Structures are given as structure tokens and as C-alpha cells.
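Residue-level listing of the chains:
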Amino acid sequence: MMQAVVLNGPRNITIEAVEEPAIKAPTDVLLRLTSTAICGTDLHMYEGRLGGGDRMVIGHEPLGVVERVGDAVVNVRVGDRVTVPTHICCGFCANCVHGYSAQCLTNNPGKAGAAYGYPGMGGYTGAQTELLRVPFGDANCLRLPGEPGDRFEHDFVLLADALPTAFHATQMVDIRNGDIVVIYGAGAIGLLAAMCAFVRGAAQVFVVDAIAARLDKAGELGAVPIDMSKGHAADRILEQIARERSGIAWRGEEANLGATVCIDAIGFQARDPRDYAVEHPTTVIDDLARIIAPKGRLSIIGVFLDSDPHARSSEAKRGEYVIPWGVLFKKGVMIGMGRDDDENYNDHLRDMIVAGRMKPSTIVTQRLPLRDAADAFAKFDARSDGYIKVVLEP
Ligand SMILES: [Zn+2]
Ligand SMILES: [Zn+2]
């Protein structure tokens, strides 16, 4: 038996002894985890918003050492230090070979996309546990240098999901030299997206949130923090951009002012800026449509659902939203959205970490034993005590 973090129902987490996984297929790998992170997506499940998550081992951000390999595994050996992406790929279906690993066609039969500890994505046991069964180990395992617990431990655990997701947010909209970027949401993904935007050459990055500790972290990364709880975030950003670009150096650009890139790193649980306790799923897109410059690029990396029974409006219950389509069309905005194809990014991001060009672990705020997961979920969900990114130690 082994210890695992079990989601029993809304806001009900227990740490329980569960059956250890076994090699089920010759292509499987068993991974003994050294770190496993809690994700903002886990909170959607924790709050009962994704449905179907009752009595499920949760988690999808593992890092560990290979403990056993199936007979058909050729590229991974016992003792290898590896991380595996959240989205389980097979490596040979039409989507996987085209690089769309988050939409794998074989690991969740009849649907596109599989993941650990995620309702509706194949029923795979989650990663907040001691041992993880990894299907198609050769395709999924990303080999890593060093030893468990070394100076890269907290960086590498972010390669499972958080960092590739943030990078995807910047890749979908091709952030490049000189871009002015506005990111809504200073959770792990928003902060890491700011880090990625700078690596890609952004001139300026604004990060919008309502939580002081997160805004402080955005400032530490070199971004301009904007506290949305102080009102009119969009106006203040537009005013700052206009003020800094007024005068002779920017002749004739007045009608083109705004952000060249906007990123929604919040998604369907966006809050009403006038009353932070109330959800209002379209406030972020409304603001971004105003802030974005003509020919801007809009990246939506925050989660949206096709069914949300707990939404306030009947439309939102069906995943339908009223958004300023006309404004976006008039400005000629390009939009990218959806889950990240992690396999495209994780090896390059590993190399950036090893070379010292990125230090994503600067956003990790807590490292706790797995047995403290229930308390960690409650505090992370309440955004209290500076909880931004929690790494559990099995
Ligand atoms: Zn995640
Ligand atoms: Zn596939």
C-alpha cells in the first residue's frame, strides 16, 4: 500500500493508503515520486466545478525516479530521473505525431486528450501519491540530469505542467521582441507566463491580480503589477501605456496604443472586479478586448468548460459566454486557446533550466509533506498565507 491524496467530493481531501500500481502493459513505467505539485486546475476539482471527481486520487504534476519498466520499454531505465507531462501521450496517433500531445487519440478512447487525476480524461490515477503508473513510458518520460533533492528539484517539477502551460500561452501568440504584454492572473501560470514573455523578448509585461503576495511576486519578476481590486485595471494600463509613449518618439501611434499581446490566465472562475466574492466569467475577456491593440494577439490559457452546472447563468452552465466579438473583429485580433501540448516544450524548457536561463522555482512558495495536503488545499483555495505554488513531498 502507499499514501495518496484522495478527493472525496467538494472541499473534502483525505490522505489514504491505496493499492500500489503495477505494470499493466509492457510499455508502462512505474515512477517513484520525489516531488508532486498542486495545480490551480486541481482547485477547480476541489471546488466541485469539474464534476465526476469523487473518490479520485488527484494530481498531475509528478517528478521522480523510475522504479520499474515494462518489457517493451526501450529508452527509459530503472534509476532514471524523469518527469512526465500532465497530458498522457502515446507518441504514435495522428495527433501525437503532429505535436498535439494534449489531444492524444488513443489514451482516452473515443475522446481526444488524457491526463492523470482529471475527470473525463481517461480515468488515470492521479500523481499526488508515492508511485505512479506511466503509460507509454518511452513517449512520456522526460529524462533529467542530477539527483533527487538537488538545486533543480523545484524547477523540474514545474516541467510536468506549469512551465510548459505558461510557455504555451506565450507560444500560441508568438510573443517576440518589443511586445507589450498584459496578463490577467498572477497564479503560477500567469507568473510563469510573465517569465516566459521576458525570455522571449517582451518589452513590458503588466500582471493583473487582486492578491498582494502574488502582485509582489510579479514585481520581483520585473513585471508591472496592477491591483484589480483598486478598480479600473484596464483604464490604468491603457493610461500608463499612453503616458509612456507620448511625445515625439511615438509620433502617430496614438490609435495603435494598447497591448500587442494579452493573456487570460484566469479562465471561467474570473471574479467581478467590483465584488471579488462574485464570479463573473467574462470580465477578463471584456477588459482584454479593450486593452488589446489593433492586430493584437489574445491567448486564453485559463480553463473554460463546455459544461459548468454550478455557473450563475443558464448560458454559462452550457459553457456559452457573451464576449465582445465585434471589438475583437474590428481590431483584427488573433486568438489562441486550449490545453498545452506539453511534449513540444518540456525538453527545451529543461535545457533552459539546466543552462541557468530560467529559474521557475522562484514561484514555488510552499514545500510540504504529502500528509499535509488537506491543509495545503484549503489554504491554496483560500489564496491565504501567500500560497501560490505548493510542492508536496511524498
Ligand atoms: Zn496543472
Ligand atoms: Zn497519441
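Keep in mind that what you see is a predicted model, and the values were worked out from it rather than measured.

**Here's the deal with the environment of Tyr184**
Here is step 1: By the secondary structure assignment, Tyr184 is in strand β9 (residues 180-184).
Here is step 2: We classify Tyr184 as buried; it has 27 C-beta atoms within 10 Å.
Here is step 3: Taking the C-alpha atoms as reference, Tyr184 lies 22 Å from Tyr345; in sequence the two are 161 residues apart.
Here is step 4: Sequence-distant contacts of Tyr184, defined by excluding residues within four places in its chain, comprise Val208, Asp264, Ala265, Ile266, Val284, Asp287 and Leu288.

**Description of helix α7 (residues 212-220)**
Here is step 1: Turning to α7, its buried residues number three or more, namely Arg214, Leu215, Lys217 and Ala218. Here the buried residues of α7 occupy an arc of 155° about the axis, which is enough to place them on one side. Looking at α7, the residues exposed on the side facing more than 90 degrees away from the buried face are Ala212, Asp216 and Glu220.
Here is step 2: Following α7 by one or two positions, Gly222 adopts a phi angle in the positive range, close to 100°.

**Topic: the pairing of strand β12 (residues 259-264)**
Here is step 1: By the criterion of burial, β12 is predominantly enclosed, with 6 of the 6 residues buried.
Here is step 2: Two elements, β9 and β12, share 4 bridges in a ladder whose sense is parallel. Each residue of the ladder has a partner; that of Val181, found in β12, is Val261.
Here is step 3: Across 5 bridges, β12 lies against strand β15 (residues 292-300) in parallel orientation. Note on β15: the bridge partner recorded for Cys262 is Leu298.

Rules behind the numbers
Residues numbered from 1 in each chain as written. Chains lettered and ligands numbered in written order. Predicted model: local features only at pLDDT ≥ 70, side-chain atom pairs only at ≥ 80, totals over all residues. Helix = DSSP H or I, 4+ residues; strand = E, 2+ residues; numbered from the N terminus. Buried ≥ 20, exposed ≤ 12 C-beta atoms within 10 Å, placed from the backbone. Contact = placed C-beta atoms within 7 Å. Arc of directions from axis to C-beta. Pairing = 2+ DSSP bridges.

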